[in-house]
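# Chains, contacts and geometry: an overview
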Amino acid sequence: DEDDWSALIKASDTSLDTYPRFRAAAEALHRQLTRTAPRGTGTAVVAWLGYRTPDTVSTAVLTTSRADGAAPHLRTLIRRLRGVVGRDTTVSLVCHSYGTVVCGRAAAHLDIAHLALVGSPGTGADTASALRTSARVWAARGKDDWIAEVPHVRSDIFGVTVGFGTDPLSPAFGAHVFAAGEGGHSDYFRPGSVSLT
């Protein structure tokens, strides 16, 4: 028997105060994964909130500083998880919004099969290959997601890099794009949604 594990990496404005919403997303992902896994396959979803997320309306959400601080903790989680589940287990990361920046910063050091970027402002890398990961990189954005209006640029302003570069949905980035349906920025893990499926 093989096992599938996914880690859900969330975004700005996620904290212990909003954990019930985050947990509901992880539970929906787990139910979907379990429902679609081949018979005899064990499944698990880890809802990882191992860093201080930036507020959506803040200057911190415009830079990689929080993601740079979070990336080593994510690497440690995956390394420890690998020590528990072994090499025959498929481990994937599902990263949402600013969480895609965290995953982008950690990707080169992660032993994972798939990296899914949903509702991403960019990863800080210009291309999927620049993430330096052996994982298959996926990307999706709902039709009504406001993040599509965020400029996908990166610029140095007074010695600080602002923005996250290339849109992961663009052909130039090179991710495998999958359907996310009509949903908005908070709808990716809604039961029955195209993106969750």
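Scroll up to find the structure this text is about.
So, on to the packing of aromatic side chains. Between two aromatic rings, the relevant description is the distance of the centres plus the angle of the planes. Summed over the entire model, instances satisfying the criterion amount to one aromatic pair. Between the aromatic rings of Trp 138 and Phe 178, the centroid separation amounts to 6.4 Å while the plane-to-plane angle is 70 degrees, which identifies the pairing as edge-to-face. Here Trp 138 is found in strand β5 (residues 136-140), whereas its partner Phe 178 is found in the segment after β8 (176-177), with 40 residues between them in sequence.

Here the focus is the pattern of salt bridges. This model, assessed by the stated rule, comprises six salt bridges. Among the ionic pairs, Arg 82 bridges to Asp 111, the shortest N-O distance being 3.2 Å. Pair noted here: Arg 82 is in helix α2 (residues 65-85) and Asp 111 is in the loop between α3 (98-106) and β4 (114-118), with a separation of 29 residues, a long-range link. What emerges from the salt-bridge pattern is a single network uniting Arg 82, Arg 87 and Asp 111.

Attention now moves to unusual backbone geometry. Of note in the backbone geometry, Ser 97 takes a positive phi value of approximately 55 degrees without being a glycine. Looking at the element boundaries, Ser 97 is found in the loop between β3 (90-96) and α3.

All right, on to the side chain of Thr 100 then. Topologically, Thr 100 is positioned in helix α3. A distance of 3.5 Å separates a polar side-chain atom of Thr 100 from the backbone oxygen of Gly 122. What Thr 100 contacts, discounting residues up to four positions off in sequence, is Cys 95, Leu 117, Val 118, Ser 120, Pro 121, Gly 122 and Thr 123.

Moving on, we get to the state of the cysteines. As enumerated under the stated definition, the model contains one disulfide in all. The disulfide partner of Cys 95 is Cys 103, and the S-S distance across this bridge is 2.1 Å. Since a negative S-S torsion denotes a left-handed disulfide, the Cys 95-Cys 103 link at about -90 degrees is left-handed. On the accessibility criterion, Cys 103 (0% relative accessible area) is buried.

Glancing now at the nonpolar core. The tendency in soluble globular proteins is for nonpolar side chains to be buried as a group. By size, the foremost hydrophobic cluster in this structure holds 31 residues, and its most contacted members are Leu 74, Leu 93, Val 102, Ile 112, Leu 115 and Val 137. At seven residues, the largest contribution of residues to this core is made by α2. Residues within four places of Val 137 in sequence aside, it is in contact with Leu 115, Leu 117, Ala 128, Leu 131, Phe 173, Ala 175 and His 176. Counting 14 residues, the second largest nonpolar core, distinct from the first, contains Ala 25, Ala 28, Leu 29 and Ala 180.

Analysis parameters
Residues numbered from 1 in each chain as written. Predicted model: local features only at pLDDT ≥ 70, side-chain atom pairs only at ≥ 80, totals over all residues. Heavy atoms only, no water. Phe/Tyr/Trp six-rings, centres within 6.5 Å; stacked < 30°, edge-to-face > 60°. Helix = DSSP H or I, 4+ residues; strand = E, 2+ residues; numbered from the N terminus. Salt bridge = Lys/Arg side-chain N within 4 Å of Asp/Glu carboxyl O. Polar contact = N/O pair within 3.5 Å; in protein donor to acceptor, adjacent residues only side chain to side chain. Contact = heavy atoms within 4.5 Å. Disulfide = S-S within 2.5 Å. Buried < 20%, exposed > 50% of the residue type's maximum accessible area, 1.4 Å probe, protein only. Core = buried A, V, L, I, M, F, W, Y, C linked by side-chain atoms within 4.5 Å.

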